[in-house]
Amino acid sequence: MNTLFHSFPILASLLFLTPEEKAQDPKPNIILIFADDMAYGDLGAYGAKGWKTPNLDQLAADGSRFTQFYVPHAVCTASRAALLTGTYANRLELYGALDHSAKHGLNPEETTIAEMLKANGYQTGMVGKWHLGHHAEFLPTRQGFDSYFGLPYSNDMWPNHPESKNYYPPLPLIEGEKTIAYLEDQQELTSWYTYKSLEFIEKNQDQPFFLYLAHNMPHVPLYVSDKFKGKSEQGLYGDVMMEIDWSVGEIRKKLEALGLDENTLIIFTSDNGPWLSYGGHAGLTAGLREGKGTSWEGGIRVPAIFTWPGKIPAGKVRDQAAMTIDILPTLAKVTGSTLPTLPIDGSDIWPIIQGEKVQPKPYYPYYNKNELQAVIYGKWKLVLAHTYRTIPTDTEMRNDGIPVKYTNVKLDSAALFDLTKDPGETTDVSAQNPQIVAQMNGFADLARADLGDALTGKEGSNNRKAGRIE
Ligand code: MG
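A brief structural summary. (Residues numbered from 1 in each chain as written. Predicted model: local features only at pLDDT ≥ 70, side-chain atom pairs only at ≥ 80, totals over all residues. Heavy atoms only, no water.)

### Comments concerning the sheet that holds strand β15 (residues 380-383)
Adjacent strands of a sheet form backbone hydrogen bonds with each other and so pair up, either parallel or antiparallel. Spatially, β13-β14-β15-β18 is the arrangement adopted by the 4 strands of the open sheet, whose pairing is antiparallel. The sheet terminates laterally at β13 (364-368) and β18 (415-418), the two strands that pair on one side only. Between one strand axis and the next, the sheet turns by 20° as a mean value, whatever way the strands run. (Pairing = 2+ DSSP bridges. Helix = DSSP H or I, 4+ residues; strand = E, 2+ residues; numbered from the N terminus. Axes fitted to C-alpha atoms, helices over the stretch in contact; angles between N-to-C directions.)

### Considering the packing of aromatic side chains
As enumerated under the stated definition, the model contains 22 aromatic pairs in all. Taking the centre distance of 6.2 Å and the plane angle of 90° together, the rings of Phe 149 and Tyr 193 count as edge-to-face. In this pair, Phe 149 is assigned in strand β5 (residues 147-150) and Tyr 193 in helix α7 (residues 189-203), connecting sequence segments 44 residues apart. Each member of the pair, Phe 149 as well as Tyr 193, is classed as buried. (Phe/Tyr/Trp six-rings, centres within 6.5 Å; stacked < 30°, edge-to-face > 60°. Buried < 20%, exposed > 50% of the residue type's maximum accessible area, 1.4 Å probe, protein only.)

### Points about the packing of α7 against helix α8 (residues 236-257)
Two numbers describe how α7 lies on α8: the axes approach to 10 Å, and their chain directions differ by 15°. The angle between α7 and α8 falls in the class roughly parallel. Crossing handedness for the pair α7 and α8: right-handed. Of the residues in α8, those touching α7 at Thr 190, Ser 191, Thr 194, Tyr 195, Ser 197, Leu 198, Ile 201 and Glu 202 are Glu 243, Ile 244, Trp 246, Ser 247, Glu 250, Ile 251, Lys 254 and Leu 255. (Parallel < 35°, antiparallel > 145°, perpendicular 65-115°, else oblique. Left-handed = near helix turned anticlockwise from the far one by under 90°. Contact = heavy atoms within 4.5 Å.)

### Focus: the nonpolar core
Counting 84 residues, the largest nonpolar core has Phe 210, Tyr 212 and Phe 306 as the members making the most contacts within it. For this core, the element with the highest residue contribution is helix α12 (residues 434-451), accounting for 7 residues. When residues of this core are sorted by domain, at least three fall in each of domain 1 (29-361) and domain 2 (366-465). Excluding residues that lie within four positions of it along the chain, Phe 210 makes contacts with Ile 30, Leu 32, Ile 113, Ala 114, Leu 117, Tyr 122, Gln 123, Thr 124, Gly 125, Phe 145 and Phe 200. Listed in part, the 51 residues of the second largest apolar core include Leu 43, Trp 51, Tyr 153 and Trp 246. (Core = buried A, V, L, I, M, F, W, Y, C linked by side-chain atoms within 4.5 Å. Domains from an automatic or database assignment.)

### Here's the deal with the coordination of the magnesium ion
All of the protein donors around the magnesium ion are Asp 36 (OD), Asp 37 (OD), Cys 76 (SG), Asp 271 (OD), Asp 271 (OD) and Asn 272 (OD1); their distances to the metal are 2.1 to 2.7 Å. Each of the 6 donor atoms bound to the magnesium ion contributes to angles spanning 52 to 154°, and the resulting shape is irregular. Within one chain, the residues serving as donors to the magnesium ion are arranged as D-D-x38-C-x194-D-N. Of this pair, Asp 37 sits in the loop between β1 (29-35) and α4 (54-61) while Cys 76 sits in helix α5 (residues 76-85), and the two are 39 residues apart along the sequence. Residue Asp 37 is classed as buried on the basis of its relative accessible area of 3%. (Donors = N, O, S within 2.8 Å, 3.2 Å for Na, K, Ca; no water. Tetrahedral: all angles 85-135°; square planar, octahedral: opposite > 155°, others 65-115°.)

Rendered as structure tokens:
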């Protein structure tokens, strides 16, 4: 294909439209579906065997899926801040997972994908888990979304938490900025989110829209509606996966029925890897090391599918490294929107989605809170000396929604991995590759100077502030 059109997809689409189509707004609809704690190996297209995900597999077959796609932080709030702003969350002073006691959230000065697209004439809606500040000042409606329906934070932050009984207040369900109910159980959550999404699509069918659907599932506590109970024959986790898969199918059916499927870009990914201490209530790492809360591949590598019929090649697998921070600038390009005023960290990955071989981005840093724990450059990953959580190998895992205990272990010195040959991070190849190690350490130094690093006592020079209430 002509490279001109790669650089100017909007121009290309204008040239090929019929006169009637030209009269309409050519901007594509964007649907961004974000699962919670869904693991790299949880989709059929990524090797899941215990349950079926036919709609997600079809989405992958109709588009391009990534095999080395990352979140920069393997935990909810930080991961979501990065996704929606295209910026590392530690730069924005957001870490971990905020709960009901937080007095801060995503700074209203930051530009979200919703604000960027709204400024370009999009109708914007969010359904699902927010987790960037639960006070009114920080809710989705103050961050560029015209409408909101969902939970302000994680679904386990409620009085039934298995380890923190009575610490959390009742779990609010919010519409707009108003609490409309407190959840006693969560069986209908995935169905409600689906129906709200369909309603939003239907309502906005005549104008370009952006829908951000952030499922609470398959984050614990796991719940499914009656229509999926026992469906996977593999336990509750499989049932939950099947209901999320159903939800994707319903959305695609609606787009088709309204004639919108050709003009809609769907992106599906997850906020971090599986919460392994929950045993049978956690997802499948597909051989990746560790899980959520760590900077090992099991924590940060997630499934990622980009589907847009006629615009994104169907049935392709992209093996180049990319990250959720790259979604905002990529959407800016395909919609012709203006990038945020404040500097962002992501870059446009449209060429990678299109299958062009591009130079790897000079380093993706991986931070857990303020600790720089790893750096990735293409196929190379330098894991820096740090302490991480793991489950002792002799632990008997459970399957009832009650977690086992992690222990902390120390990685005493940095280790280099070739992720192409060794995605499971089993073999340190630093001794054989001293030049790569030196280059990667150079990247780590750049990250420290820019963003800081608690492990080496470095202050970052380009960090910004979270938003705070009195
Ligand atoms: Mg999560």
